[in-house]
Amino acid sequence: MKTRLLVVDDEQSIRRLCMTIGNTLGYACTEAENAEAALRRLESDAPDLILTDLKLPAMSGVELLKQTKKLLPHAEVAIMTGHGSIESAVDAMKLGAYDYIEKPFRVEKMRLLLQRMAEKVHLVTENEFLRERVTTEDNLDGIIGTSAHIQDVLRMISRLKDTRTPVLISGESGTGKELVARAIHFRGSMAQTPFVAVDCGSLVPTLMESELFGYEKGAFTGATKSKAGLFQAANGGTIFLDEIGELPLEMQAKLLRVLQEKEVRPVGSNNRETVDVRVIAATNRDLEAAYRTGDFRKDLYFRLNVVTVHLPPLRERRSDIPLLLHWFLDRSSNGSAAQVTAAAMKCLLQYEWPGNVRELENCIERATALGDGKVIDVGDLPPAFVGGPMPGGDGQIPHQSSLSLNDLEDIERATIQRVFDQVNGDKVVAGKMLGISRATLYRKLKRYNIGFRPDLPSATQQLQ
């Protein structure tokens, strides 16, 4: 996700110069000629960096700074000022501005300012990402993995959690799209507001409008009393529209109108009700291809697709399978998780996983139910899991037709070592990032001789 820069100045030449500098740094740049337009940009684009002139028509740059810090507390704001207004710029820094720069400015000086601001944003985001990764609420667990794919997803969650930016989550069925939507909502500043999940594919076509927008008493046969819709229920919070691609075109038009006007009209009513919701949509379809063929509205697609989070299929992050496996086993056990034989692990790693993480969870539940509770072997797996060549993965699993016990141990050892190094040897943090219990982690650290010093407390314990 590119660093987003918003330039606010009533002089077009200044805006264009700053945007040109931002573009050379690889930033996604937008502009606004006054503070009011900038505030609208904050809601739709959620910029990371903001350059604003101190003196703007109607609303000043200082007032824009105050509003920005309320809406986007992690965005960095720099003030552009003339020589005679330096004192005001310094006052702005006391209110949270990152720095100020005098006009006219040298291009190189502006480049350095933007780079420093971006570095701070990235540092704060990375620290929050690591901190949140180990304080995940129980109902959000399941986003497990150390592969580059899933770590990118977690970083996106960290950046989006405090914004009201529309988000489109794409990915095959079973990859965990609702988990990501819930993480964006519950890990951020909107955690105490409603979260309403809607499965668009399961809505009855004839009742779809009344379910989403509500209805008045007597609107149709059986409507014995008025009822609020799902959008009203989500007012002030987040509505998650799962499988948005299944909405018929007629409902797509009505949904677009609601998103644009922020109003709903219940069925049978002549009055409109204001709703303020953040929209997160998800789909397993290619919506871009769908709108090109006329199966999905182009204007709705671009309204929803402000930021896209793509969840990779499990076959593209095979190195996460052992971590997910142990997490599911730990969660289903009563203190002593079953062990998985090398032969069974080989079958799990070779399988194509058309049902993705959900299928893996179901597979483990089946194996646990059918096995003796102590060891999961090939015989405890469905017949489809046995045999088959090893497909290409994310580069972290050996590309061979078979895996020996040593191969599996090497995979596990390398994964644990990488995480252990990443958290500087903190066993508490490492265990939570790997998704395994502390006892399991200690056992594996000792087995693989990874920083195992049972006589020393972890870094977290030393700080307590």
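The structure presented is a predicted model; accordingly, all values stated were derived computationally and were not measured.

Participant: Got a minute to help me understand the overall build of the chain in this structure?
Facilitator: Counting its regular elements, the chain contains 19 helices and 14 strands. Residues counted as buried form 49% of the 464 residues belonging to the chain. Across the chain, the fraction of contacts at a sequence separation of at least 24, relative to all contacts at a separation of at least 6, is 72%.

Participant: How should the sheet that holds strand β1 (residues 4-8) be read in this particular structure?
Facilitator: Whenever strands of a sheet pair, they do so through backbone hydrogen bonds, lying parallel or antiparallel. In space, the five strands of this open sheet follow the order β2-β1-β3-β4-β5, with parallel pairing throughout. Looking along the sheet, the strands with just one partner apiece sit at the ends: β2 (28-32) and β5 (99-102). Looking at each pair of strands side by side, their axes are set apart by 20° on average, direction ignored. Sitting on the sheet, helix α4 (residues 86-94) touches β4 (76-81) and β5, and the angle it makes with β5 is about 160°.

Participant: What is the right way to look at the side chain of arginine 318 in this model?
Facilitator: Locating arginine 318 in the fold gives a position in the loop between β12 (307-310) and α13 (321-332). For arginine 318, the side chain forms a polar contact with the main-chain oxygen of arginine 315, separated by 3.3 Å. At 2.7 Å, the side chain of arginine 318 forms a polar contact with the backbone oxygen of leucine 349.

Participant: How should I be thinking about the nonpolar core in this particular structure?
Facilitator: Among soluble globular proteins, nonpolar side chains are generally buried collectively. Phe231, Leu241, Ile244 and Phe296 are the most contacted members of the largest nonpolar core, which has 31 residues in total. Elements that contribute at least two residues to this core include exactly β7 (195-199), α8 (208-213), β8 (238-242), α10 (249-261), β11 (278-283), α11 (287-292) and α12 (298-304). The leading source of residues in this core is α10, at five residues. The next biggest cluster of nonpolar side chains, apart from the first, holds 26 residues, and it includes Leu314, Ala344, Cys347 and Ile376.

Participant: Is there a simple way to explain the pattern of salt bridges in this structure?
Facilitator: Where side chains of opposite charge bring their charged atoms close, a pairing between them can arise. Here the structure, examined in full by the defined rule, presents 19 salt bridges. With a shortest N-O distance of 2.8 Å, arginine 297 and aspartate 299 are connected by a salt bridge. Look at arginine 297 and you get partly exposed, because its relative accessible area is 29%. A relative accessible area of 35% places aspartate 299 in the partly exposed class. The salt bridge involving glutamate 352 is made with arginine 318; its shortest N-O contact spans 3.0 Å.

Participant: Would you mind going over the pairing of β12 with me for this structure?
Facilitator: In the case of a regular strand, side chains alternate between the two sheet surfaces. Burial along β12 is one-sided: Val307 and Val309 are buried, and none of Thr308 and His310, which face the opposite way, are. As judged from the four bridges shared by strand β6 (residues 167-170) and β12, these two strands associate in the parallel manner. Looking at the pairing, leucine 168 lines up with threonine 308 of β12.

Participant: What am I meant to see in the sheet that holds β12 here?
Facilitator: The five strands lie next to each other as β7-β8-β11-β6-β12, forming an open sheet whose pairing is parallel. The open sheet is flanked by β7 and β12, the only strands paired with a single partner. Ignoring strand direction, the axes of neighbouring strands in this sheet form an average angle of 20°. Of the strand pairs in this sheet, β6 and β11 are connected by four bridges, and their pairing is parallel. Paired with valine 167 across the strands is isoleucine 280, a residue of β11. Strands in contact with helix α7 (residues 177-186) are β6, β7, β8, β11 and β12; relative to β11, the strand with the most contacts, it is inclined by about 165°.

Participant: Help me understand the packing of helix α2 (residues 35-45) against helix α3 (residues 61-71) in this model?
Facilitator: When two helices pack together, you describe them by how their axes are tilted relative to each other and by the distance separating the axes. Close contact between α2 and α3 brings their axes to 11 Å; oriented N to C, the two are set at 10°. Judged by the angle between their axes, α2 and α3 are roughly parallel. Across the interface between the two elements, Ala35, Ala38, Leu39 and Leu42 from α2 touch Leu64, Gln67, Thr68 and Leu71 from α3. Of the residues belonging to the contact of α2 with α3, the class tally is six nonpolar, two polar and no charged.

Participant: Sorry, what's going on with a nonpolar patch on the surface here?
Facilitator: A surface patch of nonpolar side chains, about 230 Å² in accessible area, is lined by Val204, Leu207 and Phe220. Here phenylalanine 220 lies in the loop between α8 and α9 (230-233).

Participant: Please explain α7 as it appears in this structure.
Facilitator: Structural remark: α-helix, 3.6 residues per turn; residues separated by three or four positions point the same way. Considered for burial, the residues of α7 that qualify are Lys177, Val180, Ala181, Ala183, Ile184 and His185. For α7, the elements touching its buried residues are α6 (148-160), β6, β7, β8, β11 and β12.

Participant: Help me understand the state of the cysteines, please; the structure alone is not making it clear to me.
Facilitator: Two cysteines joined by a covalent bond between their sulfur atoms form a disulfide. Under the criterion given, the structure shown has zero disulfides. No disulfide involves cysteine 18; its nearest neighbouring cysteine sulfur is the one of cysteine 29, lying 9.3 Å away. The exposure class assigned to cysteine 29 is buried, which follows from its relative accessible area of 17%.

Participant: Quick question: what am I supposed to make of the confidence of the model for the chain here?
Facilitator: Do not read the fine detail of predicted coordinates wherever pLDDT is low. Of all residues in the chain, 84% have pLDDT values of 70 or greater, and the mean over the chain is 82. Within the chain, the lowest mean pLDDT, 32, falls on helix α19 (residues 459-463), and the highest, 96, falls on β6. Across residues 388-405 the pLDDT falls below 50, and counting only partners more than four positions away or on other chains, this stretch makes 46 contacts in the model.

Participant: Help me understand the pairing of strand β3 (residues 49-53) in this model?
Facilitator: Within β3, five of the five residues are buried, which leaves it mostly tucked inside the rest of the structure. Every second residue of β3 is oriented toward a common face, with Leu49, Leu51 and Asp53 on one face and Ile50 and Thr52 on the other, all of them buried. Two elements, β3 and β4, share five bridges in a ladder whose sense is parallel. Within β4, the position partnered with isoleucine 50 by the bridge is valine 77. At this point the chain moves from β3, through α3, to the parallel β4, and the crossover so formed is right-handed.

About the thresholds
- Residues numbered from 1 in each chain as written.
- Predicted model: local features only at pLDDT ≥ 70, side-chain atom pairs only at ≥ 80, totals over all residues.
- Heavy atoms only, no water.
- Helix = DSSP H or I, 4+ residues; strand = E, 2+ residues; numbered from the N terminus.
- Buried < 20%, exposed > 50% of the residue type's maximum accessible area, 1.4 Å probe, protein only.
- Contact = heavy atoms within 4.5 Å.
- Pairing = 2+ DSSP bridges.
- Axes fitted to C-alpha atoms, helices over the stretch in contact; angles between N-to-C directions.
- Polar contact = N/O pair within 3.5 Å; in protein donor to acceptor, adjacent residues only side chain to side chain.
- Core = buried A, V, L, I, M, F, W, Y, C linked by side-chain atoms within 4.5 Å.
- Salt bridge = Lys/Arg side-chain N within 4 Å of Asp/Glu carboxyl O.
- Parallel < 35°, antiparallel > 145°, perpendicular 65-115°, else oblique.
- Nonpolar A, V, L, I, M, F, W, Y, C, P; charged D, E, K, R; others polar.
- Patch = residues over 30% accessible without salt bridge, like charges linked within 9 Å, V, L, I, M, F, W, Y side chains within 5 Å.
- Areas by Shrake-Rupley, 256 points an atom, 1.4 Å probe, with all protein chains shown as cover.
- Disulfide = S-S within 2.5 Å.
- pLDDT = per-residue confidence, 0-100.
- Right-handed = clockwise from strand over helix to strand, strands pointing away.

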